[in-house]
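Report on the structure
Below, each chain spelled out in residue letters.
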Amino acid sequence: MMRNFACMQDDDIREELLNAIHGKGAFRIFKMLVGRLGLLEEWRAYRADSYRQIAISWLEHHNLDYIEDEY
């Protein structure tokens, strides 16, 4: 998810974000960097939508009905 988000960014930001997601503390470093770059709200929205898509895919794969809330 972090890699996909990084790949959506401009070249210079992309490389910085991709470098941040390796090794110990990758999640913390990524979150701090996203905040420093002013992308925290964009990241949170992307992450929420990604989790939503994962859940929908799982439900559909298991032939389970679901209702999407509008909020």
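Residues numbered from 1 in each chain as written. Predicted model: local features only at pLDDT ≥ 70, side-chain atom pairs only at ≥ 80, totals over all residues. Heavy atoms only, no water.

1. Things to note about the overall build of the chain
What the chain contains, in helices and strands, is four helices and zero strands. Counted from the first residue to the last, the chain has its helices and strands arranged as α-α-α-α. By its C-alpha atoms, the chain is 40 × 25 × 20 Å across when sized along the principal axes. Here the chain holds 71 residues, and the buried ones make up 25% of them. Surface summary for the chain: the accessible area is close to 5700 Å², and the carbon and sulfur share equals 52%. Both charge centroids of the chain, one from 9 positive and one from 13 negative side chains, sit 12 Å from each other. (Helix = DSSP H or I, 4+ residues; strand = E, 2+ residues; numbered from the N terminus. Buried < 20%, exposed > 50% of the residue type's maximum accessible area, 1.4 Å probe, protein only. Areas by Shrake-Rupley, 256 points an atom, 1.4 Å probe, with all protein chains shown as cover. Lys, Arg positive; Asp, Glu negative; His and termini not counted. Charge placed at Lys NZ, Arg CZ, Asp CG, Glu CD.)

2. Focus on helix 2 (residues 11-20)
All of the buried residues along helix 2 are Ile13, Leu17, Leu18 and Ala20. Taken down its axis, helix 2 places every buried residue within 155 degrees of arc, on the same side. The exposed set on the far side of helix 2, more than 90 degrees from its buried face, consists of Asp11, Asp12 and Asn19. (Arc of directions from axis to C-beta.)

3. Looking at the confidence of the model for the chain
In this model, the chain carries an average pLDDT of 95, and 99% of its residues clear a pLDDT of 70 or more. When mean pLDDT is taken per element in the chain, helix 1 (residues 2-7) scores highest with 98 and helix 2 scores lowest with 96. (pLDDT = per-residue confidence, 0-100.)

4. A word on the packing of aromatic side chains
Each aromatic ring pair is described using two quantities: the centre-to-centre distance and the angle formed by the ring planes. The full count for this structure, using the stated rule, is five aromatic pairs. Ring geometry for phenylalanine 5 versus phenylalanine 30: centroids 6.3 Å apart, planes at 80 degrees, classification edge-to-face. Placement of the pair is phenylalanine 5 in helix 1 and phenylalanine 30 in helix 3 (residues 26-36), with a sequence separation of 25 residues. An aromatic cluster is defined as three or more aromatic residues linked by ring pairs; in this entry it consists of Phe5, Phe30, Trp43 and Tyr46. (Phe/Tyr/Trp six-rings, centres within 6.5 Å; stacked < 30°, edge-to-face > 60°.)

5. Some details on the environment of phenylalanine 30
For phenylalanine 30, a relative accessible area of 1% corresponds to the buried category. Distance in space between the C-alpha atoms of phenylalanine 30 and alanine 6 is 9.7 Å, their sequence separation being 24 residues.

6. A few points about helix 4 (residues 40-61)
Given 3.6 residues to a turn, an α-helix orients residues that are three or four positions apart in the same direction. Spanning 22 residues, helix 4 covers 31 Å between terminal C-alpha atoms, matching the ideal 32 Å at 1.5 Å per step. When helix 4 is considered as a whole, its buried residues turn out to be Trp43, Ser50, Ile56 and Leu59. Those residues of helix 4 hidden inside the fold are in contact with helix 1 and helix 3. A positive backbone phi angle near 55 degrees is found at asparagine 63, which sits one or two residues after helix 4. (Expected span 1.5 Å × (residues − 1). Contact = heavy atoms within 4.5 Å.)

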